Amino acid sequence: MTGHVTKPGRALRRLLAPLAAHAILIAATAVMLLPLAWMVSTSLKQSGIGLSRGIEWLPWRDAWTNGKETVDVMVLGARVAPGDGGEAVEVGIKSLASRRRFTTVYVPEGAFEAEIEAWRIRPLTGEDETAEARWAPFASVRRRVAPEWGNYREALEKMRFWVCLANTLAITFLGTAGTILSCSLVAYGFARFRFPGNNVLFLVLLSSMMLPSVVTMIPVYLLFRELHWIDTLLPLFAPAWFSVNAFAVFLFRQYYMTLPFDLDDAAQIDGCSALGTYWRVLLPLSRPVMATVGIFCFTHYWLDFMGPLIYLNTSEKFTLALGLYTFKGAYTTQWHYLMAATLAVSLPCIVLFFAGQRFFVRGVVMSGLKA
Amino acid sequence: MIRRLEKIRRTVSAMGPVLFYGLLAAGFVLAGYQVWRTARAEAPGRAITLDFLWPTYTPQKVRYGEYLAQRYMEEHPDVYVNLILTPDPYRKLQVMIAGRTTPDVVWMGVGWQQFADAFLTLDERVAADPEVRAENYFPRLWESVQWRGNLLALPSSGQVGVIYYNKDLFDEAGLEYPADDWTWDDMQRMARALTRDFDGDGAVDQYGLQLGQVYLVPFLLYDGQIADPEWRSARVDTPVSRALLDRYQALIYEDKVMPTPTTSQELGMLPMFEAGRVAMHAASGYAIESFRKVQFDWDVVRFPAFEFEGQRYQATGLWEEEFSILWDTDAPDAAWDFARWCAGHEMVRWAALNGHIVPGRVEVALSDEYLHSGRRPAHMRSFTDSLAFAVPIYPHPWLKRIGIEFEPVLERYHVGTEGRRSTAAEALAELQPILQKILDEYNSEHNETR
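Since the model is a prediction, treat every value here as computed from it, not as a measurement.

I'm lost on the overall build of chain A in this one. Help?
Each helix and strand in chain A was counted, giving 14 helices and five strands. Out of the 371 residues belonging to chain A, those deemed buried represent 33%. Once local pairs closer than 6 in sequence are excluded, the contacts in chain A between residues at least 24 apart make up 75%.

This is the structure in structure tokens:
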């Protein structure tokens, strides 16, 4: 009888526990997404405004309106002018052509609602009253959200996005495919065959992960120079076809270890060769770990900076990671372009992660890897 | 209906593998084509190929490099200039040297000294070439491309630090614009008058002055280079440097006329000036192009003199831009011709008039067309005048190490760590032995003694 009675406290806990968990998760997600939000926000701002006003989440711009049309303006100054119903505040404005993006004055947030004295706007002089400038009622000028969508077009043009994209896609596709095929085959050997030195060899392979890449940079460069591969895309993906990714071999091996040997025996009884077993039985069962390795490889090749920096010389062969550096100079950084281009470059990675999330998590769990 | 849907589902399921393998095959074909297309060797069909290393710091910089290569090939049909673009010329050249695939000509900018051993000495070629004369270049710039008496590059430009000032804010404050002979006292006075808290909330809304950490090093140079001319004895810790750094720190933390380093970093130094939140701002000629877009009126003035114990001291940072030839080039004559052409009158003039560089050639820098182009800044002469007292930043082959080891000390002085900032005296007392140790080790490695 008592088993059917739910105590009020327990019911409340059941209700609140998931709510609290969700609240915490949502808050944590929001924190994690803040940099992404800032990236989007900065990519839509005017040149030079990105960081100048501190953290502003929306791309503000001053605009004048007469009820029928709205024009982006620069606020030049203010004055108190006599009007029909007494004194009225007027602001000096100047139309902003699309390329003229800077305001003369720094208007603190919310200044349009504040008293005119609180504005840091200089009084207009006679020189300002040119054909381009005019006086307008205070109420006709408002701050409005005006995203600079053109930043994306300009950023992509400047970094030669489509050229870089074609090269990056080629490297990523061939590198990822090579890694999956070669590493899964090597891992098959380590996981399914017993031979003297198996574990030692596997440890040697794993120990190659401990070597920092800068240590091997020059010898590998010399090797590719002898092959006349410098300034081609080959050094960036060809090694992937020779199972150089120890981490991928490890993932595949761990996954194969979870599959029963009975499968191999059954395949052999049916006349399958060792390679046939790998190709027809184990590989089709390895989709989760293939997805995991695929996502790791995709992000690696997509974002690789050092390899293209060293091996590529001509801009026709540049990758997206190198192209992004166009906006990061030695002395200045064009943040609005950099953020717009970065978003365009990161988008495929984000999409891929969400698309393959199911496989990714499953592969990580089944290969015994703790994320 | 359900049957029809089920039929469609089955058809799609049946086609799944076909689609998958089809896409996979298409991917291989397209990726393979892209690799093949980009791997095709360029066939210049010219007798000489020059590999030319050039940085991609900005799109404008890329256009400058492309123009140089294209124009030279038009004028020299027998030469193919293979432009090697890179966002990081230092690391790229390191690897290329180690891999023995060195380019023929390089543009390194400041920091070229770390490759001094890899560059061809140009003294003999200059002596034999009547068209290349040291007198054509500003003396400080010509000296800056030498290491221990050997000329290792041809200079094209000298970026110097100057003070940019917002004339509108000076007008508002009723201040006279800074003059060429102004001093640190004048700068401090003006900065105080220009620092404003408009809404009275206790936070500064407009700063009078902004000098970045990058300008701390030029301030160490007011009493001359940080080592003797032969780079054997460090001389960082001098009374002038102490007094100047004391003054600098007071501007931030006592007068509060400069934003703290943290504020500058958060808000961005250039954007703060562009947004009218800073009245005076230290920067090199690289800022011109960006500032030409702002609506308020601005101009430039040279760095102020520092008066100390009855004497005047003056300096600014010099960031040289130059063309060097690698010692193992296969075509030294062609490389020399290309380098001297890049640093010659015509190209320096073109680059200066198109806003790419502050010209290092005297006749271009002092020409009417450059000084009075009608574009801002009106007082362009401040840049060329500053070349008279500009001092190169760490012009030593181990400059990277000097920079790395100086950095934390300057950080402790400038920003502070764990709630405490070093004084100028403490910082300089720390820097002196650090530099001496580096110089001793370098000289010892190169079999030289103090």
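So what exactly am I meant to see when it comes to the domain arrangement of chain B here?
Reports often express the size of an interface as the amount of accessible area lost when the parts come together. Residues and elements named next belong to chain B. Each assigned domain of chain B is listed with its residue range as follows: domain 1 (48–160 + 319–390) and domain 2 (162–314 + 397–445). The C-alpha-based centres of domain 1 and domain 2 are spaced at 28 Å. The set of elements that each furnish at least two residues to the side of domain 1 that touches domain 2 consists of β6 (154–160) and α17 (381–386). It is α17 that contributes the most residues to the side of domain 1 that touches domain 2, four residues altogether. Across the side of domain 1 that touches domain 2, the residue classes tally to nine nonpolar, nine polar and three charged.

Would you mind going over the packing of helix α2 (residues 150–158) of chain A against helix α13 (residues 335–355) of chain A with me for this structure?
Think of two packed helices as two axes; the pair is described by the angle between the axes and how far apart they sit. Residue and element names in this part refer to chain A. Close contact between α2 and α13 brings their axes to 8 Å; oriented N to C, the two are set at 80 degrees. When the interaxial angle is binned, α2 and α13 end up roughly perpendicular. Residues Asn-151, Tyr-152, Glu-154, Ala-155, Leu-156 and Lys-158 of α2 form the contact with α13, whose participating residues are His-336, Tyr-337, Ala-340, Ala-341 and Ala-344. Taken together, the residues of the contact of α2 with α13 sort by class into seven nonpolar, two polar and two charged.

Explain the packing of helix α1 (residues 8–43) of chain A against α13 of chain A here, please?
Residue and element names in this part refer to chain A. Relative to each other, α1 and α13 sit at 125 degrees, their axes nearing to 7 Å. In terms of orientation, α1 and α13 fall into the oblique class. Crossing angle aside, the handedness with which α1 passes α13 is left-handed. Mapping the contact onto sequence places Met-39, Val-40, Thr-42 and Ser-43 in α1 and Trp-335, His-336, Met-339, Ala-340, Thr-342 and Leu-343 in α13. For the contact of α1 with α13, a count of residues per class yields six nonpolar, four polar and no charged.

So what exactly am I meant to see when it comes to the nonpolar core here?
Generally speaking, a soluble globular protein has its nonpolar side chains buried in company with each other. All names here are of chain B. Counting 119 residues, the largest nonpolar core has Val-105, Ile-163, Tyr-164, Leu-209, Ala-339 and Leu-435 as the members making the most contacts within it. Considering each element in turn, this core owes the most residues, seven residues, to helix α19 (residues 424–445). Split by domain, this core shows at least three residues from each of two domains, domain 1 (48–160 + 319–390) and domain 2 (162–314 + 397–445). Non-local contacts of Tyr-164, meaning those with residues more than four positions away in its chain, are made with Phe-273, His-281, Ala-283, Ala-287, Phe-291, Trp-298 and Val-300.

It is not clear to me how the environment of Asp-304 of chain A should be interpreted in this structure. Could you clarify?
Residues and elements named next belong to chain A. Examined against the element boundaries, Asp-304 turns out to sit in the loop between α10 (287–303) and α11 (306–311). Asp-304 sits in the buried class, given 20 other C-beta atoms within 10 Å. Asp-304 sits 273 residues away from Val-31 along the chain, and the two C-alpha atoms are 27 Å apart.

Cut-offs applied
- Residue positions are given per chain, counted from 1 along the sequence in the order it is written.
- The order in which chains are written sets their letters, starting at A; the order in which ligands are written sets their numbers, starting at 1.
- Owing to the predicted nature of the model, reporting of local features is limited to residues with pLDDT of at least 70; listing and counting of side-chain atom pairs is limited to 80 or more, with chain, interface and lining totals taken over all residues.
- Each helix is a run of DSSP H or I of at least 4 residues and each strand a run of E of at least 2, with the numbering of both proceeding from the N terminus.
- Comment: burial labels come from other C-beta atoms within 10 Å of the residue's own C-beta, placed from the backbone, where a count of 20 or more is buried, 12 or fewer is exposed, and between is partly exposed.
- A residue pair is marked as a contact if its C-beta atoms, positioned from the backbone, fall within 7 Å.
- Domain boundaries shown here were taken from an automatic or database domain assignment.
- Three classes are used: nonpolar for Ala, Val, Leu, Ile, Met, Phe, Trp, Tyr, Cys and Pro, charged for Asp, Glu, Lys and Arg, and polar for all others, with Gly counted as polar.
- Axis definition: a line fitted to C-alpha atoms, over the contacting stretch in the case of helices. Angles run 0 to 180 degrees between N-to-C directions.
- Oblique is the label for every angle not falling under 35 degrees (roughly parallel), over 145 degrees (roughly antiparallel), or within 65 to 115 degrees (roughly perpendicular).
- Note on convention: the crossing is left-handed when the near helix lies turned anticlockwise from the far helix by less than a right angle, right-handed when the turn is clockwise.
- Residues of type Ala, Val, Leu, Ile, Met, Phe, Trp, Tyr and Cys that are buried and joined through C-beta atoms within 7 Å form what is called a nonpolar core.

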